[in-house]
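# Chain and residue survey
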Amino acid sequence: MGDLDSFLQDHAHAERKVATSALTLAAQQSQKPELVESMIELAQEELTHFRQVHDLLRDRGQTIGQDRPDRYMGSLFKLLRKSDVNEYLLDRLLLFGIVEARGWERFRMISLAMSKGPVRDFYRELTRCEARHHLLFIRLAKRYFAEEVLKARLDELLDREAEIVSNLPFRAALH
Ligand SMILES: [Fe+2]
Ligand SMILES: [Fe+2]
């Protein structure tokens, strides 16, 4: 809260990147119409968020700034199993879902810590969106994978994610 501009800049790039990732996933999964449609919808919504964070920064006399490396996302990507297409898809859906859940937690914390104003209103609204996005990825994972396979892998990924989070530096950023 002491460096809201840096947080907003980091958040702006996170929205931009998640929109891009959703479109990439849609392009790679053309044989799964439900997934493609969901990713197009998600990308549009995340792009709107990018625009909204951009506008908040502009109104504060700031720019979106430089995209700085995100150690959290970088470490999560290393958990993807790339040798098998199905495993790769499952991991991506579950990791995207985890990232959305973390967004939900962070935005909720921010909206609770803030005093009245447009920024608080914005984060309140985003809290609702990210909870929905988290559920979307879980629903998609259930659509294409057996529940026990999904649960076992989610459990593993959450353990690994907890290790990653415990080693992150404290900074004014989404992760
Ligand atoms: Fe978003
Ligand atoms: Fe989201």
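Reading the values: rules and limits
- Residues numbered from 1 in each chain as written.
- Chains lettered and ligands numbered in written order.
- Predicted model: local features only at pLDDT ≥ 70, side-chain atom pairs only at ≥ 80, totals over all residues.
- Axes fitted to C-alpha atoms, helices over the stretch in contact; angles between N-to-C directions.
- Helix = DSSP H or I, 4+ residues; strand = E, 2+ residues; numbered from the N terminus.
- Parallel < 35°, antiparallel > 145°, perpendicular 65-115°, else oblique.
- Left-handed = near helix turned anticlockwise from the far one by under 90°.
- Nonpolar A, V, L, I, M, F, W, Y, C, P; charged D, E, K, R; others polar.
- Buried ≥ 20, exposed ≤ 12 C-beta atoms within 10 Å, placed from the backbone.
- Expected span 1.5 Å × (residues − 1).
- Contact = placed C-beta atoms within 7 Å.

Moving on, we come to the packing of helix α4 (residues 85-113) against helix α5 (residues 118-144). Two numbers describe how α4 lies on α5: the axes approach to 8 Å, and their chain directions differ by 160°. By the angle between their axes, α4 is roughly antiparallel relative to α5. Like other packed secondary-structure pairs, α4 and α5 cross with a definite hand, here left-handed. A per-class count over the contact of α4 with α5 returns 17 nonpolar, six polar and five charged.

Turning our attention to the environment of R60. The residue R60 is located in the loop between α2 (33-59) and α3 (71-77) in this model. Exposure remark for R60: the 11 C-beta atoms within 10 Å place this residue in the exposed category. C-alpha of R60 to C-alpha of R106: the two residues are 46 residues apart in sequence and 21 Å apart in space.

In this section: α5. Structurally, the α-helix is built with 3.6 residues per turn, so residues lying three or four positions apart point the same way. Between its terminal C-alpha atoms α5 stretches 40 Å, which fits the 39 Å expected from 27 residues at 1.5 Å a residue. For α5, the full list of buried residues reads F122, Y123, L126, E130, H133, H134, F137, L140 and A141. Elements in contact with the buried residues of α5: α2, α4 and α6 (147-166).

Turning our eyes to something else, we now look at the packing of helix α1 (residues 4-28) against α2. At a closest axis distance of 8 Å, the pairing of α1 and α2 adopts a crossing angle of 160°. As far as their axial angle goes, α2 and α1 are roughly antiparallel. Along this stretch, α1 crosses α2, giving a crossing that reads as left-handed. Partitioning the contact of α1 with α2 into residue classes produces 18 nonpolar, four polar and three charged.

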